[in-house]
Amino acid sequence: MSASVPFWRSAGLSLLILSIFLGAWEIAVMPKAGGGGAALDPEYAALLGQAAAQGGTTPMPGPSAIGKRLLELLADPFYVRGPNDQGIGVQIAYSLLRVGAGFGLAAIVAIPLGFVIGMSPLLNAAFNPFIQVLRPVSPLAWMPLALYSIKDSAISAVFVIFICSIWPMLLNTAFGVASVRREWLNVARTLEAGRWRTAIRVILPAAAPTIVTGMRISIGIAWLVIVAAEMLVGGTGIGYWVWNQWNNLSIADIVIAILMIGLVGLALDRLLGLGARAVAWRE
Amino acid sequence: MTEYVSIEGVARRYGPTTIFQDVWFGIARGEFVCLVGHSGCGKTTILNILAGLEAPDDGAVIVDGQAITGPSLDRAVVFQGHALMPWMTAAGNVAFAISCRHRDWSRAACDAAAREALKRVGLDHAADRKPAELSGGMKQRVGIARALAINPKMLLMDEPFSALDALTRGALQDEVARLVSETEQTGFMITHDVDEAILLADRILLMSNGPEARIAEVVLNTLPKPRTRANLHHMPGYHALRDHILDFLIARSRAFKADAPPADWSARAVPEVSPALSPPPLAAE
């Protein structure tokens, strides 16, 4: 029982799991009947909000409330009403822009550098200690240094994305290039293909699947890190928005943000998945 | 005989172990030479040295009067495991080779020439397929087409058919025999297969077992051309020739010792025999 489960069966089961989960959630957060708010001064309640005035906490919203809020947000995702009030679409766009810039710069640096490292055992050994030490560092640890030296929070966030995206791409490119089949290189040598032609026509396509896998890992990490980075630098972005909604105690918005972050991350991964399929080859 | 290639005193050592040394032989223009020997005697290394892919630890390879320093388009290699690039189509693989030979040709010209080369090996219908969609024999045909497409002065083949099933191997052997004789292609091939050597080669070099391998004997193939697998075993002298080589592989390849060679043996002038002309008496051992 592994491979061919018909799609409708798995999709049906997924829907069932989802509805059980949402149903249980809805029931769990239903307001308790008979909450004693009788002797409440209406002016006090108006001032603080019903829940706070009763001494309670903000209730966890149920799926129906979140769904209503989601429709509200999606009805106008791109509004801009001042720096602290912008639509969720605008926030996601800011985050994507930062991830795109950081990831793009990292690719521009990591792929050529990985290529050179992969082709030269000497450079491979020489760069290896630096990579090994820097790779496990949480990208957020770079943030203070970035803020200090760049003195711009927006660019610092991009830098953090850059630094976290670079390692998987660098290592995968170097590995992919270094493990190009010897016989293909020998073919190129006997054809006197030359360095450049060999690099473009033989090594690059041979290593492309490994390189794209590295890019896929990188974009996943970058999307993880951007939320945390934006919580720190603030201003715009989905990470900032989440933190802002926490300050506003808009639990529904936080749940929606989680959902959105997941969906955008999925889309980014699928995008590079398409790229992987485009460069895949099979013996 | 005008020697096109001359291998002069070539050796390969790994640390204290000498795989082979003092290997001398020549290949004339238009001649096809096979090297036969057991695994581990360094046959592939000799071919790689001839191709320029490896440098010998001693000695040199002289081509057209010049010592070679690396691989050249003049010496095309058909690799043991086809070595096609899996991301290119069959035509793409051949066109890549052609574009290396003719740097000034347009993409269309390279593609057209590639299809022409594939036609010569009977693969025009599969030109647009990727190697993964081709059978083992078809892949090796593409490998041969790629080697021939650049009009090399010499064709080097490293056990090109060893990974194929017997039927496919036979068909390809006939085809290579035809292509080689049509174009008078100078060739050097490594093989395990005695019949393959007899079919294709003008001269067969017999190599003793490694380490300390040497070329122990040169067998002249005097059987008339054209030879095909169908008529080969009916030729007078064929069995004597075949038996001679088999005897060498079974017994004498092991018995040959480089430090105590037979009296008539010298590394620079390896004894030549023509068993197909004068069958040696039975039980010569």
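Coordinates for the structure precede this section.
Residues numbered from 1 in each chain as written. Chains lettered and ligands numbered in written order. Predicted model: local features only at pLDDT ≥ 70, side-chain atom pairs only at ≥ 80, totals over all residues. Heavy atoms only, no water.

Q: For the overall build of chain B, give the residues involved together with the corresponding values.
A: Helix and strand content of chain B: 8 helices and 11 strands. Relative to its length of 285 residues, chain B is compact, with a C-alpha radius of gyration of 19 Å against a globular reference of 19 Å. Summarising its shape, the C-alpha atoms of chain B cover approximately 60 × 45 × 35 Å along the three principal directions. When the 285 residues of chain B are sorted by exposure, 55% land in the buried category. Residue pairs at least 24 apart in sequence account for 70% of intrachain contacts in chain B once pairs closer than 6 positions are excluded. (Helix = DSSP H or I, 4+ residues; strand = E, 2+ residues; numbered from the N terminus. Rg over C-alpha atoms; globule rule 2.2 N^0.38 Å. Buried < 20%, exposed > 50% of the residue type's maximum accessible area, 1.4 Å probe, protein only. Contact = heavy atoms within 4.5 Å.)

Q: Any details on the overall build of chain A? Residues and values, ideally.
A: A tally of regular secondary structure across chain A gives 12 helices and 0 strands. What you see for chain A is a C-alpha radius of gyration of 25 Å, clearly larger than the 19 Å of a compact globule of 283 residues, by over 25%. Based on the C-alpha atoms only, the size of chain A along its principal axes is roughly 95 × 55 × 30 Å. Relative to its full complement of 283 residues, chain A shows a buried share of 38%. Taking as baseline every contact in chain A between residues at least 6 positions apart, the subset at least 24 positions apart corresponds to 72%. Summed over its atoms, the accessible surface of chain A is roughly 16300 Å², and 70% of this surface lies on carbon and sulfur atoms. (Areas by Shrake-Rupley, 256 points an atom, 1.4 Å probe, with all protein chains shown as cover.)

Q: Run through helix α6 (residues 121-134) of chain A, naming residues and quoting values.
A: Its 14 residues place the ends of α6(A) 20 Å apart at the C-alpha level, agreeing with the 20 Å of an ideal helix rising 1.5 Å per residue. The principal kink in α6(A), of about 40°, is found at F127(A), preceding the proline P129(A) by one to four residues. (Expected span 1.5 Å × (residues − 1). Bend = angle between axes of the 7 residues up to and from the residue.)

Q: I'd like a description of the sheet that holds strand β4 (residues 58-63) of chain B, backed by residues and values.
A: All names here are of chain B. Read from one edge to the other, the open sheet built from 4 strands follows the order β2-β1-β4-β5, with strand pairing classed as antiparallel. Two strands bound the open sheet, and with one partner strand each, they are β2 (17-28) and β5 (66-67). Strand contacts of helix α1 (residues 43-51): β1 (3-14), β2 and β4, with the helix running at about 55° to β2, the strand carrying the most contacts. (Pairing = 2+ DSSP bridges. Axes fitted to C-alpha atoms, helices over the stretch in contact; angles between N-to-C directions.)

Q: Break down a nonpolar patch on the surface for me, with residues and values.
A: All names here are of chain A. A cluster of nonpolar side chains, namely L13, L16, I17 and I20, defines an oily patch on the protein surface of about 410 Å² accessible area. Relative to the elements of secondary structure, I17 occurs in helix α1 (residues 7-28). Looking at I17, the relative accessible area reads 54%, which means it is exposed. (Patch = residues over 30% accessible without salt bridge, like charges linked within 9 Å, V, L, I, M, F, W, Y side chains within 5 Å. Salt bridge = Lys/Arg side-chain N within 4 Å of Asp/Glu carboxyl O.)

Q: Any details on the sheet that holds strand β9 (residues 203-207) of chain B? Residues and values, ideally.
A: Residue and element names in this part refer to chain B. An order of β6-β7-β8-β3-β9-β10-β11 is seen for the 7 strands of this open sheet, with the pairing classed as mixed. If you trace the sheet from one side to the other, it starts and ends with β6 (75-78) and β11 (272-273), each paired once. Bridge analysis of strand β10 (residues 215-220) against β11 gives 2 bridges, and the strand direction is parallel. Residue pairing in the sheet places V219 in a bridge with V273 of β11.

Q: How would you explain the pattern of salt bridges if you had to name every residue and give the values?
A: Residues and elements named next belong to chain B. Within the structure shown, the criterion is met by 25 salt bridges over all chains. Residues D64 and R29 are paired through a salt bridge, measuring 2.7 Å at the closest nitrogen-oxygen approach. Linking D64 in the loop between β4 and β5 with R29 in the loop between β2 and β3 (32-36), this pair joins segments that are 35 residues apart in sequence. Note on D64: relative accessible area 40%, which makes it partly exposed.

Q: Tell me about the packing of helix α5 (residues 88-119) of chain A against helix α12 (residues 251-279) of chain A, residues and numbers included.
A: Residues and elements named next belong to chain A. Direction vectors running N to C along α5 and α12 enclose 40°, while the axes themselves pass 12 Å from each other. In this view, α5 runs oblique relative to α12, as classed from their interaxial angle. Crossing geometry of α5 relative to α12 is assigned as right-handed. Residues I88, I92, L96 and F103 of α5 touch α12, and the partners they reach there are I256, M260, V264, L268 and L272. (Parallel < 35°, antiparallel > 145°, perpendicular 65-115°, else oblique. Left-handed = near helix turned anticlockwise from the far one by under 90°.)

Q: Hey, could you go over the interface of chain A and chain B for me, with residue numbers and the actual values?
A: Facing 17 residues of chain A, the contacting portion of chain B comprises 23 residues. Carbon and sulfur atoms make up 65% of the area that chain A and chain B hide from each other, which totals about 2100 Å². Three residues stand out in chain A for area buried against chain B, namely T190(A), L191(A) and R197(A), and they jointly supply 30% of the buried area on that side. At the junction of chain A and chain B, the tally comes to 0 salt bridges. Counting across the interface, chain A meets chain B through 6 residue pairs in polar contact (both at pLDDT 80 or more). Within the residue set of the side of chain A that touches chain B, elements represented by two or more residues are α9 (182-190) and α10 (195-233) of chain A. In terms of residues, the side of chain A that touches chain B owes the most to one element, α9(A), which gives 6 residues. (Buried area = accessible area lost by both parts, 1.4 Å probe. Polar contact = N/O pair within 3.5 Å; in protein donor to acceptor, adjacent residues only side chain to side chain.)

Q: Describe the side chain of R146(B), listing the residues and the values that go with them.
A: The topology assignment puts R146(B) in helix α4 (residues 136-149). It is E183(A) that comes nearest to the buried, bridge-free R146(B) among opposite-charge side chains, at 7.7 Å. There is a polar contact of 2.9 Å between the side chain of R146(B) and the backbone oxygen of A83(B). (Lys, Arg positive; Asp, Glu negative; His and termini not counted.)

What is shown is where atoms sit, not what they do.
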